[in-house]
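Structural features, examined
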Amino acid sequence: MTVESSNDTIDISQLPKHFDATAAEAKFQALWSDLGIFRYDPSKSRDETFAVDTPPPTVSGSLHVGHVFSYTHTDIIVRYQRMLGKNIYYPMGWDDNGLPTERRVQNYYHVRCDPKEPFEEGLELKQVSSAERKKPPRIISRPNFIDLCTTLTMEDEKVFKDLWQRLGLSVDWSEEYSTIGKFCRTMAQLSFLDLFKKGHVYGAEGPTMWDVDFQTAIAQAEVEDREVDSAFHDIRFGVLDSDETYVISTTRPELLPACVGVTFHPDDDRYKHLSGKKALTPLFHTEVPLFPSTLVEPDKGTGILMVCTFGDQTDVQWWREEKLGLKQIILQNGRLANIAFGKNGWESRSPDLANAFYSQLAGKTLKQARSAIVDMLQSAEGAAGGNEPPLVGSPKQIRHAVKFFEKGEKPLEFIITRQWFVRLLDKKDQLLRKGEEIKWFPGFMHSRYRDWTQNLNIDWCISRQRYFGVSFPVWYRLDGEGKPDYENPILGKKEELPVDPSTAHPDGFSEGQRGKPNGFMAEPDVFDTWFTSSLTPQIGSHWVLDEERHRRLFPMDVRPQSHEIIRTWGFYTIAKAMLHEDEIPWKNIKISGWVLDPDRKKMSKSKGNVVVPAELLEKFSSDALRYWSGNARLGVDTAYDENIVKIGKRLVVKIYNASKFVLSQKGAVSDISCELDRAFVDRLRKVVGTTTEQLNVFNFSGALSTVESFFWNSFTDTYVEFSKMRAWGGEGIEPKDQGSAIAALRLGLEALIKMFAPFIPYICEEVWSWRFAKETGIGSVCIAPWPKEEDYRDIPLPESPKSLDTAGAVYSAINREKSDNQLSRGAYIEKITLSAAPATIALIETIANDVKGAVRCDSWELIPKDGLDEEAIELSNMQVRERK
RNA sequence: GGGCGGGUAGCUCAGCUGGCAGAGCACCGGCCUUACAAGCCGGGGGUCACAGGUUCAAAUCCUGUUCCGCCUACCA
């Protein structure tokens, strides 16, 4: 095993005193790029490949340490897999599709999109001044609008890319995509065509959750509850052809004109005699059915309530089940429509009165309408029966949860519109089974998926009334009156994707027939952004377009993501893979927690508690930030703690110094023959095993802590100290078994550098470049083989597995003695007496030379003493000598 | 209301397939020691949220309580 002597690489002693992280980051990014070692090799088989379904970040969002955190987690796993020899598929996408981008573009260029506008070839716009922003916006076509969005998002993408590269993400930059790019649009449209062919999508007109500001439909997954102030209003209703009255309770009095029924619990003695009769509404004098329903809670409000089209989801249910009339008074912009009572569908016992009241509401926002109608209800004239004011008492303030679009500012309304849906409600069991086939890390995150899937109650609404998105590849024929035939849509042709139906026309028609009777019209909507991003595995594998590649990448090995999008990105991706190919999209899903601010609050731009990564990278280095990321357990929300970053930085310094020390040893290496060296290698072997097991189950924080404590406790603070005197000698101590010591030190360092490399690649690459690169012929630690326990099988086991611990115990005991006597740890001991259990004494004798050297002890007397614990070491008669 | 996670040293957290309570930071003391003072050696500090149970043995398993966080439901 004796190989060579001396330093045939760089002169370690000439290395700078301090590690220049910034310089190293630039240097090694260039090296990695030159070597092309992050490239995916499409010729390799599925078994040899490790495919990652990288989350495409939303580029118009703000960049904060949370990005560093979760992307580093994935990079650690990827770097580990690469060192195992896997062919890595690790792409980067940009999610530039969607509302946030639209808003930015509208402001930046001061434009609005109108899909009916004709496309302007070569349109170029610049950022507008604030003065110009006061003028009406320029109206442009959808293709032009999309061009602007694309241009602007490219800038955002650059900022992200710079960060990723500095962080050292080992992404294959030749596999970059953007969700609004041509390729992804093709994929999304292919997906739609496939779902259509398989019967999984349908268009339908019906009450749909609607955001009145964005004026678009949204899906269940984008809804969130918010606690808001509200009030119960008690309103007296009448019974047709009777003097009887009763009081309903509502939080939405403005919907009184849209009242289509009144309901109560069937067992409620107060009201059950009303069943089958007609109610008479105040103000509008409308006859509506009174019917019982078990959904009513008798204890809530007055136990009897009005059903409107539509106040909430239960109203939708009653409307459907009881086949009630439809009175849609809310317009898509959230204002009340112009309605004439007395006409068909808006019958009233007193149309003039009804219209007089309603005219005060028409055109108002829902909020304005609410206060207006409360005023009317407080005056007596509108009562249905009797002359009491319909409003009983004063409104009772409450706080309750109301559904909002997660990006919206006003409560959602249910409005009847035509939308496209993916049918999922009938496939819950199948979806749950797919969830079982996937391994969840951490395991408990699986329950989020399970709960969400079980509680689904609306099919996936995939159409959005927006512009910057992927268009439906769909047109409709118009009949002789110009009415669209929604039942028989014309679909785009696979070969012609991506198609924008607002500029392209379907086969068999000419452009001149657009919008004309007997002609055609484009589907104006775009896909929900999740419709595209739920295809990221297929986008990577080039599903449909390249069967060979698809087979080699799909299902992917791992999906990294955060927990709040399990119900969207995670869920929809599983659904798509199932609907398209009855497959799972990936074998594993690995879920990172959030980064919270130091007070454990979620970071958000509005709270102003966002920690920005750029300056941290500058101040602490990429490795230090990566250390902080790698330190947090998977799936656990983690408060940003600068102390951990500092510890990372210190670890880097320590590795630099320790490596310099170990590699500056000049001397021949020989067999690892000494007991302590063998004991060290034995421990190293175990650490390699543990670390590998941990990384195999994505437990990177455990792995980091295993390697780190081995490095710090076993390597630098003890083992290196033991081998020092032996390798170098010292006052009165001759070097002994130098070759064995140097060999073991290098062996240990090489393994440590490799095991640290996935976490803190820059410092590891630096050390690798000093010697190991040349020695192994491997130009980068990134592709060095991950250490295996078998690598050390030729090195004999130590006499006792306890050697290193016992040496440590003696070392500690003597240091304590020195510390108690206010001596330097480097003080020389002329003579000392050690008492310990006989077995321990025997063990100390086998390692005496190393330990004596480490504690600077010329000679000692060992006294076996029965009755002591194996670990106990008692010292006496310490005699210190002057340094020579 | 249902579900999930968490409560361990002053702080941040690890340990949780049961076996002597751990790390880092902070604090205290010592030390220039020929890799590293951006360092090293040592020290103090805990009713493992609470109550009960299983067990020779519980931070760890079971039951209940409580507090914190998240997911989900709750619009009359």
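Look up: the structure comes first, before these words.
Bear in mind that the values here come from a model prediction, so they are computed numbers and not experimental data.

**Comments concerning the protein's contact with RNA strand B**
Neighbouring RNA strand B are 51 residues; Asp-225, Thr-250, Thr-251, Leu-305 and Arg-650 lie closest to it. Sugar plus phosphate, as a fraction of atoms of RNA strand B within 4 Å of the protein: 68%. Thr-250 places a polar main-chain atom, nitrogen or oxygen, 2.9 Å from a sugar or linking oxygen of RNA strand B. The contact in question runs from a phosphate oxygen of RNA strand B to an N or O atom on the side chain of Thr-251, over 2.5 Å. Secondary structure elements with two or more residues in the surface near RNA strand B: strand S9 (223-239), strand S10 (245-250), strand S15 (391-405), helix H10 (446-455), helix H17 (642-663), helix H19 (700-728) and helix H23 (803-820). At eight residues, H17 tops the list of elements feeding residues into the surface near RNA strand B. Grouping the amino acids of the surface near RNA strand B by side-chain chemistry returns 12 nonpolar, 19 polar and 20 charged.

**Regarding helix H7 (residues 351-358)**
For H7, the full list of buried residues reads Ala-354, Phe-357 and Tyr-358. Summarising the axial view, the buried residues of H7 lie within an arc of 95°, below the 170-degree limit, and thus occupy one face. Lining the buried residues of H7 we find helix H8 (366-378).

**Description of the sheet that holds strand S25 (residues 586-592)**
Read across the sheet, three strands follow the order S17-S25-S24 without closing on themselves; strand pairing throughout is parallel. Either end of the sheet is taken by a strand with one partner, and the two such strands are strand S17 (439-441) and strand S24 (556-562). Neighbour-to-neighbour, the strand axes of the sheet open up by a mean angle of 20°, direction not taken into account. By the bridge criterion, six bridges tie S24 to S25 in an arrangement that is parallel.

**Structural notes on the nonpolar core**
Counting residues in each nonpolar core, the largest one holds 127 residues, and the members touching the most others are Trp-164, Phe-715, Phe-756 and Trp-860. Trp-164 has contacts with Pro-57, His-67, Tyr-71, Met-92, Trp-94, Leu-169 and Trp-173, leaving out every residue within four places of it along the chain. Counting 72 residues, the second largest nonpolar core, distinct from the first, contains Leu-190, Trp-460, Tyr-467 and Ala-575.

**What about the side chain of Asp-597?**
Tracing the backbone shows Asp-597 in the loop between strand S26 (595-596) and helix H15 (613-620). What makes Asp-597 buried here is its relative accessible area of 8%. Residues contacting Asp-597, with those up to four places away along its chain left out, are Met-603, Asn-609, Ala-639 and Tyr-640.

**Observations concerning a negative patch on the surface**
Where like charges cluster on the molecular surface, the negative patch consists of Glu-693, Glu-789, Glu-790 and Asp-791. With respect to the secondary-structure elements, Glu-693 resides in helix H18 (residues 675-696).

**Observations concerning the side chain of Thr-72**
The topology assignment puts Thr-72 in helix H2 (residues 65-83). Overall, the relative accessible area of 0% leaves Thr-72 in the buried class. Among all residues touching Thr-72, those that are not within four sequence positions of it are Leu-167, Leu-169, Arg-626 and Ser-629.

**Focus on the packing of helix H20 (residues 738-756) against helix H21 (residues 761-770)**
Remark: H20 packs on H21, axes separated minimally by 9 Å, with the N-to-C direction vectors making an angle of 145°. For the pair H20 and H21, the sense of crossing is left-handed. Between H20, through Leu-749, Glu-750, Ile-753, Lys-754 and Phe-756, and H21, the contact on the second element is made entirely by Cys-764, Val-767 and Trp-768. By residue class, the composition of the contact of H20 with H21 is six nonpolar, no polar and two charged.

**Observations concerning helix H9 (residues 428-437)**
Among the residues making up H9, those that are buried are Leu-431, Leu-432, Lys-434 and Gly-435. Buried positions in H9, seen along its axis, are confined to an arc of 155° and lie on one side of it. Counted as exposed and oriented over 90 degrees from the buried face of H9: Asp-429 and Arg-433.

**Quick notes on the packing of H15 against helix H16 (residues 622-631)**
For the pair H15 and H16, the least separation of the axes is 7 Å and the interaxial angle reads 115°. Taken together, the axes of H15 and H16 lie roughly perpendicular to each other. Across from Pro-613, Leu-616, Leu-617 and Phe-620 in H15, the residues of H16 making contact are Ser-622, Ala-624 and Leu-625. Across the contact of H15 with H16, the residue classes break down as six nonpolar, one polar and no charged.

**Details of unusual backbone geometry**
For residues other than glycine, phi is negative in most cases, and the peptide bonds are mostly trans. The omega torsion of the bond from Phe-441 to Pro-442 falls at -10°, within 30 degrees of zero and hence cis. Look at the link from Leu-497 to Pro-498: it is a cis peptide, with omega at -5°. Phi is positive for Lys-323, close to 50°, though the residue is something other than glycine. You can see Lys-323 is positioned in the loop between helix H6 (313-321) and H7. The class for Lys-323 is exposed, based on a relative accessible area of 71%.

**A word on the sheet that holds strand S7 (residues 201-211)**
One key point about sheets: their strands pair by backbone hydrogen bonds, in either a parallel or an antiparallel sense. Spatially, the four strands line up as an open sheet ordered S8-S7-S16-S18, and their pairing is antiparallel. Because the sheet does not close on itself, it has two edges, and the strands there are strand S8 (216-217) and strand S18 (460-461). Relative to S18, strand S16 (residues 413-422) is paired through two bridges, and the arrangement is antiparallel. Bridged to Val-422 within S18 is Trp-460.

**Let's talk about the pattern of salt bridges**
If you walk through the whole model with that rule in mind, you get 51 salt bridges. Across the salt bridge formed by Glu-102 and Arg-466, the nearest N and O atoms sit 2.6 Å from each other. Separated by 364 residues along the polypeptide, Glu-102 in helix H3 (residues 99-109) and Arg-466 in the loop between strand S19 (463-464) and strand S20 (474-477) bring together distant segments of the chain. In this structure, the salt-bridge partner of Lys-587 is Asp-557, at a minimum N-O distance of 3.7 Å. Linking Lys-587 in strand S25 with Asp-557 in strand S24, this pair joins segments that are 30 residues apart in sequence.

**Some words on the packing of aromatic side chains**
Counted under the stated rule, the structure contains 47 aromatic pairs. Here the aromatic rings of Phe-192 and Phe-527 are separated by 5.7 Å at their centres, their planes lie at 40°, and the arrangement is tilted. With a gap of 335 residues between them, Phe-192 in helix H5 (residues 182-197) and Phe-527 in strand S23 (residues 526-527) connect regions that are remote in the sequence. For the pair Phe-192 and Phe-527, one class covers both residues: buried. Ring centres of Phe-680 and Phe-710 lie 5.6 Å apart, and the angle between their planes is 15°; this geometry places the pair in the stacked category. Placement of Phe-680 in helix H18 and of Phe-710 in helix H19 is noted, with a sequence separation of 30 residues between them. You can call Phe-680 buried: its relative accessible area is 0%. An aromatic cluster of at least three residues, connected via ring pairs, comprises Phe-192, Phe-196, Trp-420, Trp-440, Tyr-449, Trp-460, Phe-472, Phe-527, Phe-531, Phe-571 and Tyr-572. The cationic tip of Arg-559 hangs over the ring face of Trp-569; the distance from NZ or CZ to the ring centre is 3.1 Å.

**Overview of the pairing of S9**
As paired strands, S9 and S15 are joined by 12 bridges and run antiparallel to one another. Residue Ile-235 lies in a different strand from S15, and its bridge partner there is Leu-391. Here six bridges tie S9 to S10, and the two strands are oriented antiparallel to one another. Across the sheet, the residue bridging to Phe-237 is Tyr-246, located in S10. In sequence, S9 turns back onto S10 through a hairpin of five residues, with Asp-241 there showing a positive phi of about 55°. Here two bridges tie S9 to strand S12 (residues 278-280), and the two strands are oriented antiparallel to one another. By the bridge assignment, Val-239 is partnered in S12 with Ala-279.

Definitions and limits used
- Residues numbered from 1 in each chain as written.
- Chains lettered and ligands numbered in written order.
- Predicted model: local features only at pLDDT ≥ 70, side-chain atom pairs only at ≥ 80, totals over all residues.
- Heavy atoms only, no water.
- Near = heavy atom within 4 Å.
- Polar contact = N/O pair within 3.5 Å; in protein donor to acceptor, adjacent residues only side chain to side chain.
- Helix = DSSP H or I, 4+ residues; strand = E, 2+ residues; numbered from the N terminus.
- Nonpolar A, V, L, I, M, F, W, Y, C, P; charged D, E, K, R; others polar.
- Buried < 20%, exposed > 50% of the residue type's maximum accessible area, 1.4 Å probe, protein only.
- Arc of directions from axis to C-beta.
- Contact = heavy atoms within 4.5 Å.
- Pairing = 2+ DSSP bridges.
- Axes fitted to C-alpha atoms, helices over the stretch in contact; angles between N-to-C directions.
- Core = buried A, V, L, I, M, F, W, Y, C linked by side-chain atoms within 4.5 Å.
- Patch = residues over 30% accessible without salt bridge, like charges linked within 9 Å, V, L, I, M, F, W, Y side chains within 5 Å.
- Areas by Shrake-Rupley, 256 points an atom, 1.4 Å probe, with all protein chains shown as cover.
- Salt bridge = Lys/Arg side-chain N within 4 Å of Asp/Glu carboxyl O.
- Lys, Arg positive; Asp, Glu negative; His and termini not counted.
- Charge placed at Lys NZ, Arg CZ, Asp CG, Glu CD.
- Left-handed = near helix turned anticlockwise from the far one by under 90°.
- Parallel < 35°, antiparallel > 145°, perpendicular 65-115°, else oblique.
- Phe/Tyr/Trp six-rings, centres within 6.5 Å; stacked < 30°, edge-to-face > 60°.
- Lys NZ or Arg CZ within 6 Å of the ring centre and 35° of its normal.

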